[in-house]
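Geometric and topological summary
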Amino acid sequence: MRNPPPVDAECLKTHEHQLHLVPRLIHFTCNACGTQGNRNPYFCLPCNFMIHRECIDLPRVININHHDHRISYTPHLGHGEWKCRVFRKKVEGFYGAYSCSKCATFAVHARCATRTGVWDMVEREGTPEEEEIAP
């Protein structure tokens, strides 16, 4: 293997503990995005948390072309009827997703929000949001 995945990883954006590679064919649901995986997840034993390698560095704060405000990654939305505002499918509230702090019902699947053509590919964490100026 030319570029083997690291055995241990830290992803403070998506999980608080160090993660360990499980180098196996194993079916799992990624806690960060809620989609299925079938090989080589990273795992946190104390939390029973599994994540795709590509979800380890999900951005925390982004702009997407389907909403007027910034949206932020959250590890879980919680109880409720959540619907992805990009592809209009149900968002399971117990997995990671993006939500808007200004619009209480706005939610987007993590994978939908970070797609090319939806996200502008700029991490906005730490930069102030421009305030809308009233005419």
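As a convention, each chain's residues are numbered from 1 in the sequence order in which they are written. The predicted origin of the model limits local features to residues at a pLDDT of at least 70 and limits the giving and counting of side-chain atom pairs to 80 or more, whereas totals for whole chains, interfaces and linings rest on all residues. In computing side-chain properties, one takes all heavy atoms of the structure into account and sets aside hydrogens as well as water.

In the annotation of an unreviewed UniProt entry, the entry for the chain reads DC1 domain-containing protein, and the organism field reads Brassica carinata.

Moving on: the overall build of the chain. Scanning the chain for helices and strands turns up one helix and twelve strands. Computation of the radius of gyration draws on C-alpha atoms alone. For the globule rule, the value is 2.2 Å times the number of residues to the power 0.38. Radius of gyration (C-alpha) of the chain: 16 Å, near the 14 Å computed for a compact globule of 135 residues. Over its C-alpha atoms, taken along the principal directions, the chain stretches across nearly 55 × 30 × 25 Å. A fraction of 48% describes how many contacts in the chain between residues 6 or more apart in sequence connect residues 24 or more apart. The method behind every accessible area is Shrake-Rupley, applied with a 1.4 Å probe, and residues are considered shielded solely by the protein chains displayed. Surface accessibility of the chain: about 8700 Å² in total, with carbon and sulfur atoms responsible for 52%. Positive: Lys, Arg. Negative: Asp, Glu. His and the chain ends are not part of the count. Think of each charge as sitting on NZ of Lys, CZ of Arg, CG of Asp or CD of Glu. Between the averaged position of the 16 positive side-chain charges in the chain and that of its 15 negative side-chain charges there is a distance of 9 Å. Under the scheme used here, helices are H or I runs from DSSP no shorter than 4 residues and strands are E runs no shorter than 2 residues, and both carry numbers assigned from the N terminus. Residues are treated as being in contact if the distance between any of their heavy atoms lies within 4.5 Å.

What the four strands build is an open sheet, ordered S7-S8-S11-S12; its pairing is antiparallel. Each having just a single partner strand, strand S7 (61–62) and strand S12 (107–109) make up the two edges of the open sheet. Pairing analysis gives three bridges linking strand S8 (residues 71–74) to strand S11 (residues 97–99), with the strands arranged antiparallel. Note that in S11 the partner of Thr74 across the bridge is Ala97. Strands are treated as partners if at least two bridges between them are detected by DSSP.

Here we take up the pattern of salt bridges. One side-chain nitrogen of Lys or Arg within 4 Å of one carboxyl oxygen of Asp or Glu is enough to make a salt bridge. If you walk through the whole model with that rule in mind, you get three salt bridges. Two residues, Glu54 and Arg111, come together in a salt bridge whose shortest N-O distance is 3.0 Å. Taken together, the positions of Glu54 in the loop between strand S6 (49–51) and S7 and Arg111 in helix H1 (residues 110–113) put the pair 57 residues apart, joining distant regions of the chain. Between Arg60 and Glu125 there is a salt bridge whose closest N-O contact spans 3.3 Å. Here Glu125 lies in the segment after H1 and Arg60 lies in the loop between S6 and S7, a separation of 65 residues in the sequence. We call a residue buried when its accessible area falls under 20% of the maximum for its residue type, exposed when it is over 50%, and partly exposed in between, using a 1.4 Å probe and counting protein chains only. Classification of Arg60 by relative accessible area gives partly exposed; the value is 29%.

Sheet architecture is open: four strands sit in the order S1-S2-S5-S6, paired in antiparallel fashion. The open sheet has two edge strands, strand S1 (8–9) and S6, and neither has a second partner.

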